[in-house]
Amino acid sequence: MAVAAPFVLYPVFLMKVLCFALFACAFNLLIGYAGLLSFGHAAFFGGAAYISAHTVKVWGWAPEFGLLAATAVAGAMGLVFGLIAIRRQGIYFAMITLALSQMIFFLALQLPFTHGEDGIQGVPRGTLFGLFDLNQPLTMYYTVLAIFVGGFALIWRTVHSPFGQVLKAIRENEPRAISLGYCTDRYKLVAFVLSASLAGLAGGTKAIVFQLASLTDVTWQMSGEVVLMTLLGGMGTLLGPVVGAALVVTLESYLAATSLPVPVVIGCIFVVCVLVFRRGIVGELLHRLQSRAK
């Protein structure tokens, strides 16, 4: 279905959905499986977008190297953030990540290479591996699809590995995991770095797709938006964040052409989903299917 989608729907819209779906999946790895609520994931998403845009446009790097640099920088930021925040739990952890994210926003506003409120515009898409011209919409779409599938496969493998099982144990009962001999802080830090890296990959890809890196990508509202996507789709499910991202991006895109207040409409839908689908759309469907199977 995803392969044939650009022949039915607008490719740029689909690429936006895929970028945000990967971002939401990366965030879900942290909150859904490690039980860590971060309010600062926009720092990795937007910070990586700036790195990707700058290396490709100013330094003339090939897009694949720009994405690698963006992912590496996001991972390094995740390591620093994690070392600071992982010592706390609950709301304290969330507030620390929010504060650190706001520091990144301030740097993005002030540093010369980000161009402040103008952002980095006109980022060239370039040629992937010297063979594939990313200025062609279909080529760019299939590249983004391959990146999403690769990131999703990594998350799937992580969740179904012994490491993922330990994360679930930490989420359910951290004191018991500690009593079994696990160094929970180490596991949470690795999960945080992996989540930050994948969020950075999503942000770097978005900067190349839209040829722009701006302050919008690093604001606290972006951190809130990825939380909304994950909760709508179903926290702790693999497909939930994908569904949530597709729903939010679709609503934003189509409601933008109307006179309706987009945040209000999305907020109302979120309230309805929380009341009707407390586990998220995918989570509730899976729960009902399992109930019928019994």
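Attention here is on the structure that accompanies the text. This one's a predicted model, so the numbers in the text were calculated from it and none came from an experiment.

## Concerning the overall build of the protein chain
Here is step 1 of the chain: The secondary structure content of the protein chain amounts to 12 helices and 4 strands.
Here is step 2 of the chain: Computed over C-alpha atoms, the radius of gyration of the protein chain comes to 19 Å, within 12% of the 19 Å expected from 2.2 N^0.38 for 294 residues, which places it in the range of a compact globule.
Here is step 3 of the chain: Once the C-alpha set of the protein chain is aligned to its principal axes, its extents read approximately 50 × 40 × 40 Å.
Here is step 4 of the chain: For the protein chain, buried positions account for 50% of its 294 residues.
Here is step 5 of the chain: When the accessible surface of the protein chain is summed, it comes to about 14100 Å², and 69% of that surface belongs to carbon and sulfur atoms.

## Observations regarding the side chain of histidine 41
Here is step 1 of the chain: Mapped onto the elements of the fold, histidine 41 is located in the loop between α1 (11–31) and α2 (42–57).
Here is step 2 of the chain: Judged by relative accessible area, which is 0%, histidine 41 ranks as buried.
Here is step 3 of the chain: When neighbours within four sequence positions are excluded, histidine 41 is seen to be in contact with Phe23, Ala26, Phe27, Leu30, Ser195, Ala196, Ala199 and Ser223.

## Some points on the pattern of salt bridges
Here is step 1 of the chain: Applying the stated criterion across every chain yields a total of 6 salt bridges.
Here is step 2 of the chain: Put simply, lysine 188 and aspartate 185 hold a salt bridge, and the shortest N to O gap is 3.8 Å. Note that lysine 188 and aspartate 185 are positioned in helix α8 (residues 184–210) at a spacing of 3 residues, about one turn of the helix.
Here is step 3 of the chain: A relative accessible area of 38% places aspartate 185 in the partly exposed class.
Here is step 4 of the chain: Note that arginine 279 and glutamate 284 form a salt bridge whose closest N and O atoms lie 3.4 Å from each other.
Here is step 5 of the chain: For arginine 279, a relative accessible area of 42% translates into the label partly exposed.
Here is step 6 of the chain: Connected through shared salt-bridge partners, Glu174, Asp185 and Lys188 make up one network.

Reading the values: the criteria
Residues numbered from 1 in each chain as written. Predicted model: local features only at pLDDT ≥ 70, side-chain atom pairs only at ≥ 80, totals over all residues. Heavy atoms only, no water. Helix = DSSP H or I, 4+ residues; strand = E, 2+ residues; numbered from the N terminus. Rg over C-alpha atoms; globule rule 2.2 N^0.38 Å. Buried < 20%, exposed > 50% of the residue type's maximum accessible area, 1.4 Å probe, protein only. Areas by Shrake-Rupley, 256 points an atom, 1.4 Å probe, with all protein chains shown as cover. Contact = heavy atoms within 4.5 Å. Salt bridge = Lys/Arg side-chain N within 4 Å of Asp/Glu carboxyl O.

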